[in-house]
Amino acid sequence: MTDAEPRWLSDEDQHVWRQIIAVINMLPARLERELQRTHGLSLHDYQILVQISEHPRQEVRLSDLAEATQQSKSRLSHQMTRMENAGLVARRNCPTDRRGAYAVLTEEGWDALRAAAPTHVESVREHLMDVMTPAQKQVVGEAFGAVAAKLRPAARATVCPSTEEC
């Protein structure tokens, strides 16, 4: 550690930071309540279903899913068990890597995602997109894009060369 003076936030920076924290805390909670009330899904459930649905063959390696959803492997394992018990997902072992496994979207999971998507999109519109002007959306998108690029780990490629291999 150095004895250098901390770079304290200016009043303007402090205001922006507190607004960001307020949104980080309130928006996911609101989206979660609406998904839970209407479809019995948590926001994590929904994010996992979306992530799996966007991959080829509607399956994704669990380690990649943990990274994409910002969950520890242990937390994701518990989430997956709950979602498996609800019939939303299944696990498939990787035939070429005994340590690897895939999360697979079930038909019931696909149906739940299709049913929940309009609610989620409307909620995102109501509580975020429709509150901002087009110019504000542009600025927020660029600013958060820059922050995400700084925070995002170096891209890892997990590629299955064929339908039989991982």
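The name an unreviewed UniProt entry gives the protein is Transcriptional regulator, with Embleya hyalina as the organism.

Below, the discussion takes up the overall build of the protein. Scanning the protein from N- to C-terminus turns up six helices and three strands. For the protein, the α and β elements follow one another from N to C terminus as α-α-β-α-α-β-β-α-α. Burial status across the protein gives 27% buried among its 166 residues. Total accessible area computed for the protein in this model is approximately 11,700 Å², and 55% of it derives from carbon and sulfur atoms. When the 20 basic and 23 acidic side-chain charges of the protein are each reduced to a single mean position, those positions are 4 Å apart.

Okay, the side chain of Ser-53 next. Note on placement: Ser-53 falls in helix H2 (residues 43-53). There is a polar contact of 2.8 Å between the side chain of Ser-53 and the backbone oxygen of Val-50. What Ser-53 contacts, discounting residues up to four positions off in sequence, is Gln-58, Leu-105, Trp-110 and Leu-113.

The next point concerns the nonpolar core. Counting 25 residues, the largest nonpolar core has Leu-49, Ile-52 and Leu-65 as its most contacted members. Among the elements of the structure, helix H1 (11-39), H2, helix H3 (62-68), helix H4 (73-85), strand S3 (101-105) and helix H5 (107-127) are those that each provide at least two residues to this core. Considering each element in turn, this core owes the most residues, six residues, to H2. In this view, Leu-49 contacts Leu-41, Met-83, Leu-88, Val-89, Leu-105, Gly-109, Ala-112 and Leu-113; residues no more than four positions away in its chain are not counted.

Looking now at the sheet that holds strand S2 (residues 89-93). Spatial strand order, S1-S3-S2: three strands in an open sheet with antiparallel pairing. On the outer flanks of this sheet lie strand S1 (59-61) and S2, each paired with one strand and no other. For this sheet the average axis-to-axis angle between neighbouring strands, irrespective of direction, equals 30°. As paired elements, S2 and S3 share five bridges and run antiparallel to each other. Looking at the pairing, Arg-91 lines up with Ala-103 of S3. Sheet contacts for H2: S1, S2 and S3; angle to S3, the most-contacted strand, approximately 100°. Along the sheet, H4 makes contact with S2 and S3, crossing S2 at roughly 120°.

About the thresholds
- Residues numbered from 1 in each chain as written.
- Predicted model: local features only at pLDDT ≥ 70, side-chain atom pairs only at ≥ 80, totals over all residues.
- Heavy atoms only, no water.
- Helix = DSSP H or I, 4+ residues; strand = E, 2+ residues; numbered from the N terminus.
- Buried < 20%, exposed > 50% of the residue type's maximum accessible area, 1.4 Å probe, protein only.
- Areas by Shrake-Rupley, 256 points an atom, 1.4 Å probe, with all protein chains shown as cover.
- Lys, Arg positive; Asp, Glu negative; His and termini not counted.
- Charge placed at Lys NZ, Arg CZ, Asp CG, Glu CD.
- Polar contact = N/O pair within 3.5 Å; in protein donor to acceptor, adjacent residues only side chain to side chain.
- Contact = heavy atoms within 4.5 Å.
- Core = buried A, V, L, I, M, F, W, Y, C linked by side-chain atoms within 4.5 Å.
- Pairing = 2+ DSSP bridges.
- Axes fitted to C-alpha atoms, helices over the stretch in contact; angles between N-to-C directions.

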